Amino acid sequence: MTASMATSRASGRGSTTGRDGSMAASSARVAAMNGASAPFIALEQVEMMFGTHRVVDQLDLTITRGEFVSLLGPSGSGKTTILMLLAGFLQPTAGSICLGGKRIDHLPPHRRDMGVVFQNYALFPHMSVADNVAFPLRMRRVGREEIEQRVTRALDMVQLQHLRDRRPAMLSGGQQQRIALARALVFEPSVVLMDEPLGALDKQLREQMQLDIRDLHRRLGLTIVFVTHDQGEALTMSDRIAVFNRGRIEQIGSPTEIYDRPASRFVAEFIGETNLMAGKVTTTGPDGSLIRLDSGEDMAASAADWPAAGNEALLSVRPENVTVQPVGTARRTERVNIMQAKVADSVYQGDHLRLHLDCGQRRMIARLDRQVADYAVGTQVDVVFQADNCRVIPT
Amino acid sequence: MKAAKIVFGLLAVTFLMAPLVTILPLAFTSSDLLSYPIRSFSLRWFEELMISDAWRMSIVNSLVIGAGATLLATVLGTLVSLGLRRSFAFSGILKSALLLPMVVPAVILGVGMQITFIQLGLVNTHVGVIIAHTVVALPFVIVSVSGSLAGIDMRVERAAMSLGANPLRVFGHVTLPLMLPGVLSGAVLAFATSLDEVVLTLFVAGPNQRTLARQMFSSIRENISPAIAAAAFVIIVGTVVVAGLVLLFRAAAQRQKPSTVTV
Ligand SMILES: Nc1ncnc2c1ncn2[C@@H]1O[C@H](COP(=O)(O)OP(=O)(O)O)[C@@H](O)[C@H]1O
Ligand SMILES: [Mg+2]
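Residues numbered from 1 in each chain as written. Chains lettered and ligands numbered in written order. Predicted model: local features only at pLDDT ≥ 70, side-chain atom pairs only at ≥ 80, totals over all residues. Heavy atoms only, no water.

Describing the overall build of chain A
Across its full length, chain A carries ten helices and 20 strands. Taking all 395 residues of chain A together, 54% fall into the buried category. The long-range fraction of contacts in chain A, counting pairs at least 24 apart against all pairs at least 6 apart in sequence, stands at 66%. If you sum the accessible surface of chain A, you get close to 17400 Å²; carbon and sulfur atoms cover 49% of it. (Helix = DSSP H or I, 4+ residues; strand = E, 2+ residues; numbered from the N terminus. Buried < 20%, exposed > 50% of the residue type's maximum accessible area, 1.4 Å probe, protein only. Contact = heavy atoms within 4.5 Å. Areas by Shrake-Rupley, 256 points an atom, 1.4 Å probe, with all protein chains shown as cover.)

What follows is the structure in structure tokens.
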């Protein structure tokens, strides 16, 4: 019943969020009707107001058991708030939160059985590493022997057995992070929530920990909700990414979906780098769509049924999908777009070359393999990009 | 610059310590007069404190009243600080009101208490003096405990909750141990406050509640004997010992505990 309500309300809004929301809600309903694997975590029409400030706005989100879902968005988009709602530190002002089919909105944090890794780790400063990790087991009145075993196993898992007697203050950031992880996993919670757990680490350690966490996720079959503002991190680690903007999901999907088929300008610009060209949709359809740019050229793009013909839209193409050829050698076809340009700048970046291209009043960026012949600044070139790599997105 | 700092520091310390350095040696004089030079040393004035009924009773009174006021002020002050941790309507005003005894002249408090205590039949009772001392000691506990509570990262308590601790166990396992240093220093300050409180005691205590400070105060007027210096010595040593114990306790708590996971 609530699902159908959600559908009607969500589809009332003609935005991408509405579309994704209604799709999520209806698939949840289908699953429920089939009696098949229902969503493990389900947020329905969740709203969070701080005073008059709407921080989470009619949020629908379902997560299946064993899934790794990232909440990705700029600072202040409500990611931490959603995690706190899940963990039970905040009560939603509207909507419902279910875990394993049961409503948990009213449950206090200590009865939700979720492992939380906080942004600053939040280790107990007055306890040794071993006591920190033992804490959740003690709270569950696990026997002494078993605590000892499980703490040892958890510390082995994060490879910090040798630090078990230290105080957290005597550990490096990366070590504290691992202890926080061990503490959140040792009681085998049904869900692990992580709030930018790698934000304070340097690049190398961060990448190592990303792989470690992903590995733990696979090995232990954990359900993980992972908050980050780092798009690379989200792309590396997640089964699905929910891109947040001002308390709403702009798009939710697999990393490739999000990256290759951004549903909005916000997503296209937030995830990676992109070239955007303004125009008006002329044709849509399953075989591809056409867009007439404001500068007059017609560009072919991948299949889309939205925005509908006649609407203002943007054409998005990633720099790595843009190639360059000597002027006059490129041939325009139905599925290949070309454009005239002058090389404005050429930046060597080690593994690749970035060309800044001047196409009339428009600027484009191409990311080229460095094997490609160098183009001197000022050279006239043909810019080539495939229709299949071009996305029409609403303005 | 550095030299200037050192000189200034020395001056400040001298200024603070001079009165103590002046009075304390006189506790060991053998003379009948509270004055220099000291011709020979003796412990006769400490004996006097033990033998004389007035002095002995005042010491016992100070300990009883000090203990009572410390206990009451520490418990109340800790509860108040916990209650005031999250701000709510008028919490700022409430906190200011509780800190008022720090700034209101003791004489005014004393007059007010005397009038109130007469109504309640608390005047000239130990309970009355304990309550009076609690009022002036409370702000010190509140300031001290609030300070240590402010240093606790709320996320640490949230972490405890999410790891399965109910509110009571969060308090017992996390909040209390982390705020304990503040509670202990608050208690020491409360005890010290009670120990040297004179003005309120003058208003609400009868002859049977004479505290050490009060006894010193009246014996200065009656006969200036070196027993006062001996009493001062006792008070100071007592305070230093208590403070030292707290420091020791804290240091022990900081030190690394042995490894085994204790249940
Ligand atoms: N307890 C609170 N009271 C009032 N506003 C809050 C509170 N917590 C968060 N906010 C506001 O909610 C918005 C989203 O915050 P947050 O969820 O922390 O974002 P993120 O984690 O994505 O950076 C911010 O504008 C923040 O100021
Ligand atoms: Mg945040």
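The structure having been displayed, the exposition proceeds.
Quick look at the site of ligand 1
Residues and elements named next belong to chain A. Neighbouring ligand 1 are the residues Phe50, His53, Val55, Pro74, Ser75, Gly76, Ser77, Gly78, Lys79, Thr80 and Thr81. One of the backbone nitrogen or oxygen atoms of Ser77 is found 3.2 Å away from an oxygen atom of ligand 1. Expressed as a share of its isolated accessible area of 560 Å², the protein-covered part of ligand 1 is 59%. Elements that contribute at least two residues to the shell around ligand 1 include exactly β2 (53-63) and α3 (79-87). Broken down by element, the residue count for the shell around ligand 1 peaks at three residues, all from α3. Here the shell around ligand 1 is built from residues that sort into three nonpolar, seven polar and one charged. (Near = heavy atom within 4 Å. Polar contact = N/O pair within 3.5 Å; in protein donor to acceptor, adjacent residues only side chain to side chain. Nonpolar A, V, L, I, M, F, W, Y, C, P; charged D, E, K, R; others polar.)

Considerations on the packing of helix α3 (residues 53-83) of chain B against helix α8 (residues 167-196) of chain B
Residues and elements named next belong to chain B. At a minimum axis separation of 8 Å, α3 and α8 run at an interaxial angle of 140°. With respect to α8, the axis of α3 lies oblique. As for the relative orientation of α3 and α8, their crossing is right-handed in sense. Along the contact surface, α3 presents Ser62, Leu63, Ile65, Gly66, Ala67, Ala69, Thr70, Ala73, Thr74, Thr78 and Leu82, while α8 presents Phe171, Thr175, Met179, Val183, Ala187, Ala190, Phe191, Ser194 and Leu195. Of the residues in the contact of α3 with α8, the class split is 13 nonpolar, seven polar and no charged. (Axes fitted to C-alpha atoms, helices over the stretch in contact; angles between N-to-C directions. Parallel < 35°, antiparallel > 145°, perpendicular 65-115°, else oblique. Left-handed = near helix turned anticlockwise from the far one by under 90°.)

A few points about the domain arrangement of chain A
Domain annotation of chain A identifies domain 1 (1-113 + 190-272), domain 2 (126-181) and domain 3 (273-394). Centre-to-centre separation of domain 2 of chain A and domain 3 of chain A, based on C-alpha positions: 53 Å. (Domains from an automatic or database assignment.)

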